[in-house]
Amino acid sequence: MKKTENIWWIDKLGDWNPQLLREIKGRLKTRNIAIAAIISAIGQILFFLYYQGQLPSLLHWTKASSDRYCTGFGYPDSHQLHYGRKCLVDSLGQVQIDWQLWWLDLFVWSSIFGIFLLLVVGTYMLVADLSKEESRGTIEFIRMSPQSAKSILSGKILGVPILLYLVIALGVPLNFASGLNAGIPIGLILSFYGVLIAGCAFFYSAALLLGLVNFGLAGFKPWLGAVAVLVFLFVMTGILMHDSLGYATDWLALFYPGTGLFYLVDAASLDSKVGYLEFKDLAVSLWYGKSLFSNSWSGIGFILFNLGLWTYWIWQGLLRRFHNPISTVLSKQQSYWISGSFIIITLGFTLQSDNRYGEFQSLILQQLSLLIVLLLLTAAIAPHRQTLLDWARYRHQVSPQQRRSLLKDLIWGEKSPSTLALALCLLLTTGYTSLCLMLSPLAKTDKMTAFYGVIVSATIVLVYGAIAQLMLFMKTPKRAVWASTALGALTILPLLCLAIFGINPNDKPWMFLLSMMPMLGAEYAATQTILLSLLGQWLAIALVGFQMTKQLQKAGESETKALFSAR
Amino acid sequence: MTNELAIATKRLTKQFDRHIAVNDVELEVKSGEVYGLIGPNGAGKTTLIRMLAATEEPTAGEIYLYGDRLVRDDTNPRLKQSIGYLPDDFPLYDDLTVWDYLDYFARLYKLKDSRRRRRLYDVLELVELTTKRYSAISTLSRGMKQRLGLARTIIHEPILLLLDEPVSGLDPIARLQFREIIKALQGNGMTILISSHVLSDLAELCSSVGIMELGYLVESASLEQLYQRLSKQQIILSTLGDLEALKRELKHNSLVEEWEVLPEGKSLRVNFSGTTEESAQLLRSLVESGIPLTQFNSQREDLESIFLKLGHKQVS
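The rules we used
- Residues numbered from 1 in each chain as written.
- Chains lettered and ligands numbered in written order.
- Predicted model: local features only at pLDDT ≥ 70, side-chain atom pairs only at ≥ 80, totals over all residues.
- Heavy atoms only, no water.
- Helix = DSSP H or I, 4+ residues; strand = E, 2+ residues; numbered from the N terminus.
- Buried < 20%, exposed > 50% of the residue type's maximum accessible area, 1.4 Å probe, protein only.
- Salt bridge = Lys/Arg side-chain N within 4 Å of Asp/Glu carboxyl O.
- Patch = residues over 30% accessible without salt bridge, like charges linked within 9 Å, V, L, I, M, F, W, Y side chains within 5 Å.
- Areas by Shrake-Rupley, 256 points an atom, 1.4 Å probe, with all protein chains shown as cover.
- Lys, Arg positive; Asp, Glu negative; His and termini not counted.
- Charge placed at Lys NZ, Arg CZ, Asp CG, Glu CD.
- Pairing = 2+ DSSP bridges.
- Core = buried A, V, L, I, M, F, W, Y, C linked by side-chain atoms within 4.5 Å.
- Contact = heavy atoms within 4.5 Å.
- Phe/Tyr/Trp six-rings, centres within 6.5 Å; stacked < 30°, edge-to-face > 60°.
- Buried area = accessible area lost by both parts, 1.4 Å probe.
- Polar contact = N/O pair within 3.5 Å; in protein donor to acceptor, adjacent residues only side chain to side chain.
- Axes fitted to C-alpha atoms, helices over the stretch in contact; angles between N-to-C directions.

> A description of unusual backbone geometry should follow, citing residues and the corresponding values.
With the exception of glycine, the majority of residues adopt a negative phi angle, and the majority of peptide bonds are in the trans configuration. Residues and elements named next belong to chain B. Although it is not a glycine, K110 sits at a positive phi angle of roughly 65°. On the secondary structure map, K110 appears in the loop between α3 (98-108) and α4 (113-126). Residue classification places K110 among the partly exposed positions, given a relative accessible area of 46%. You will see that L214, though not glycine, has its phi angle at about 50°, which is positive. Along the chain, the position of L214 falls in the loop between β10 (208-213) and β11 (216-222).

This is the structure in structure tokens:
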């Protein structure tokens, strides 16, 4: 009846990647394929009909009427061509239509729709699939097989969203044809598809990592992942459509596959008639003074490089985590490399001019993203409570060849607490930022202010990181949720209170020095105030560190006592 | 020495917070043995088996399988190829058919082409699921699912099988089928470690047993040694004549320790400390003294009585 095992290509596929074959067999059933095909067809027909409906028709034509797709002069202002042009009628009485623009609109919006569909739905599917395998325990059997993590996880990425791929693949002909009709060169369309595939690789790898990480909210994870991607895509689409580039946040545009569309729109040579994704907006973005985006190949190359780099780091976490679900997501050594890569790439987008106001704003955004990334990194290198307990108790039992000093263990060890490693990451990022500040075109006094701000920012991250590690050592099973809630409160509440009471950084700068954005306060605070706040923060770090050491010592001791009493 | 040992653990310990689930266990299982693990719920059997299957990381201590150190990462594909593990909840995929499920695992274990097809048919026949091979897994009964789980465990021809409570929740017929399959696998030379509460099953299958209590392995010996050491020989005697006359004769024999009258009133269960030859001697003397015996049945105390007698009832 269903002798699929006889079909040779299935056999070859299964030999190459058994996981992919398993996903295909579980999902590609006639009924599912039919549903996917119908959804894709109906979606495309509706999309096409909507744009057809946008065309000006003779029925409503008057001499004064104008439309985006008409071919006459701009109306009422000739510079705002994209708002509408005068409609002209040919000798046969037909309204003349700018078909190229119409096809371009169809191409761009179907592409953006495709990006949303692929990334949001695909992320949901992958997180949900992996969480299910994890909670039911079936993943244990896959882990036990001699297959590499790479083969299993790539099989998941290629196989789990297979029905989604089918929906998208059926939509490619329309998208491709509209791109060609819009006058975009084939090479650029294909390179956009390349960027999209790289974007999928990045977001899907991140989705797998989210699926493999347990933080006590298993049923909530797929929604968390999908909503996060959705919000990101919405914000980025908004930023790019409304020319808000030229800040430290430009780095985020490198993760948005739609950034590649700038070049495609530019290649259609419709200039100001388009009114969105205008190339001049992208070209303002500089990286270490270089205008990487002004050339399509260097721009697309940089986007691909950035996606590739971060996909690589996510895969390092995936490979570690797949075989040992209680290991930390990243090793301490990897965390140093990651903070290094992060600071080098993001700082390239900041400090690009001598405009003091712009530079500070840019640096504030950069420091904020650094804070978020470093807190995520803290979560990725903080060992499991059990691992810490075992480390505290059994460190002395390690064989003499593997034994190393406490300091080395804290810097490189797999099972040791993460606070010192976080401090090293901060040293790295602060060192590099200070160097760049020195070389930046800012005035000397501004450099000093920025430098103080960077130092206070780093200490505040360390305070948060130490608190996070302490909370992750709590006994309650929901410690990850507690730690994230506490950090959320610590970071957001102070700023929220300052905003509610209408306190400005120039009124009470010291208050801002203790918030998650100390750069805001550093701009107005006196040097003594900054030093005093630094002292306070170091005191807090020492206190949390002391508490942590005490708890670890107690954990080691009390178990020995428990062992004796058990015997 | 370790080469002939399928499993050897050195000071294996697993701790969950303050709770020590497995404590300093030194387990040794010889190659080709069927080793039964018994103990009350919560004694640490499942944790021990999970560590042996590399699905749980030991807190301290080491595991050696066939002399090679077992580490929990992807550096030991050969060792993974040699282990088959069936947990007590045997999760399956409901969206696949029986054939596709086994084919998937056969491919994960890198079985190629014709060998894979042959192995699939062999395994399906062994677990008696050949007729169900194109059925969706969701339509199978519990017993069939259990057998499919076992089929998945042995698809790659492992040499060491780790079975955690494999017969729990099965009806007597399904249990019998399962027992027969295990015997067949043992016949093929597999080393099998099996934990179970059904001690009569273990007594039938195992060559050695280990008893776990409070996370410790408190007893580990061959079944033969255990019987010799702890099991008393019992003889059931029935007579047509007077029971008192039989009792009088028994008093003359110094190897008879005590007896108990069985409910029907014409039979005795006698605890006898002699050898087989000495029990033959007793039979001869009873016949010669004119006791009309209808039954003289020599038997040993079963595993269940030994386990209960040892008093290992504490969970950790």
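> Before we move on, could you go through the pattern of salt bridges and cite the residues and values that matter?
Counted under the stated rule, the structure contains 29 salt bridges over all chains. A salt bridge links K14 of chain B to E56 of chain B; the shortest N-O distance between them is 3.9 Å. Taken together, the positions of K14 of chain B in strand β1 (residues 5-16) and E56 of chain B in the loop between α1 (45-52) and β5 (60-65) put the pair 42 residues apart, joining distant regions of the chain. Of the charged contacts in the structure, one is a salt bridge between R107 of chain B and D103 of chain B, with a shortest N-O distance of 2.8 Å. Separated by four residues within a single helix, R107 of chain B and D103 of chain B lie in helix α3, roughly one turn from each other. Here R107 of chain B and D103 of chain B have matching classes, each one buried. Each of D11, D15 and K25 of chain A together with D100, D103, R107 and R116 of chain B takes part in a single network of salt bridges with overlapping partners.

> Describe in detail helix α16 (residues 385-394) of chain A, supporting the description with residues and values.
Of all ten residues in α16 of chain A, nine are buried; the element is thus mostly enclosed. Those residues of α16 of chain A not exposed but buried are R385, Q386, T387, L388, L389, D390, W391, R393 and Y394 of chain A.

> Quick one: what's the story with a positive patch on the surface, residue by residue and with numbers?
Side chains of K475, K550 and K554 of chain A together with R18 of chain B sit close together on the surface and give a patch of like positive charge. The exposure class of K475 of chain A is exposed, given its relative accessible area of 52%.

> Tell me about the pairing of β5 of chain B, and please be specific about residues and values.
Residue and element names in this part refer to chain B. As paired elements, β1 and β5 share five bridges and run antiparallel to each other. From the neighbouring strand, T13 faces β5, where its bridge partner is A60. As judged from the two bridges shared by β5 and strand β6 (residues 68-69), these two strands associate in the antiparallel manner. Bridge pairing links Y64 to R69 in β6. Between β5 and β6, which pair antiparallel in sequence order, lie two residues; one of them, Y66, sits at a positive phi of approximately 50°.

> Describe in detail the pairing of strand β12 (residues 233-239) of chain B, supporting the description with residues and values.
Residue and element names in this part refer to chain B. Most of β12 sits out of view: seven of its seven residues are buried. Every second residue of β12 is oriented toward a common face, with Q233, I235, L237 and T239 on one face and Q234, I236 and S238 on the other, all of them buried. Where β12 meets strand β15 (residues 293-300), seven bridges bridge the pair, whose relative direction is antiparallel. Bridge assignment links Q233 to a residue of β15, and that residue is R300.

> How would you summarise the nonpolar core if you had to cite specific residues and measurements?
In terms of nonpolar packing, the biggest core is built from 215 residues, with L104 and W310 of chain A together with I7, L27, Y101, L162 and L193 of chain B touching the most fellow members. Here this core takes 16 residues from helix α4 (residues 99-136) of chain A, the largest share from any one element. The contact partners of W310 of chain A, leaving out residues within four places of it in the chain, are F202, W251, F255, I338, S341, F342 and I345 of chain A. With twelve residues, the next largest nonpolar core counts L243, L246, L282 and I291 of chain B among its residues.

> Explain the packing of aromatic side chains residue by residue, including any values.
All names here are of chain A. Summed over the entire model, instances satisfying the criterion amount to 32 aromatic pairs over all chains. On the basis of an interplanar angle of 45° and a centroid distance of 5.5 Å, the ring pair of F47 and Y51 is categorised as tilted. Taken together, the residues F47 and Y51, both in helix α3 (residues 30-53) and four residues apart, mark about one turn of the helix. Owing to a relative accessible area of 9%, Y51 belongs among the buried residues under this scheme. Between F116 and F234 the ring centres are 5.3 Å apart and the planes differ by 70°, which places this aromatic pair in the edge-to-face class. With a gap of 118 residues between them, F116 in helix α4 and F234 in helix α9 (residues 221-241) connect regions that are remote in the sequence.

> I'd love a proper account of the interface of chain B and chain A, names of residues and values included.
Chain B puts 46 residues into the contact, and the matching count from chain A is 46 residues. Taking both sides of the interface into account, the surface hidden between chain B and chain A amounts to around 4200 Å²; carbon and sulfur atoms contribute 48%. If you sort the residues of chain B by the area they bury against chain A, D17, R107 and Y134 of chain B come out on top, with a joint share of 16%. For the pair chain B and chain A, the number of links is eight salt bridges. Among the salt bridges present, the one from D103 of chain B reaches K25 of chain A, with a minimum N-O distance of 3.4 Å. Here chain B is connected to chain A by 17 residue pairs in polar contact (both at pLDDT 80 or more). Elements with a contribution of two residues or more to the side of chain B that touches chain A: β1, β2 (19-25), α2 (77-81), β7 (83-86), α3 and α4 of chain B.

> So what's going on with the sheet that holds β7 of chain B? Residues and values would help.
Residue and element names in this part refer to chain B. Spatially, six strands are ordered β7-β8-β9-β4-β10-β11 in an open sheet, and the strand pairing comes out mixed. Every interior strand has two partners, whereas the edge strands, β7 and β11, have only one. Between one strand axis and the next, the sheet turns through 15° on average, direction left out of account. Across five bridges, strand β8 (residues 160-164) lies against strand β9 (residues 191-195) in parallel orientation. Bridging from a neighbouring strand, L160 pairs with T191 of β9. Here helix α5 (residues 142-154) sits on the sheet in contact with β7 and β8, set at roughly 165° to β7.

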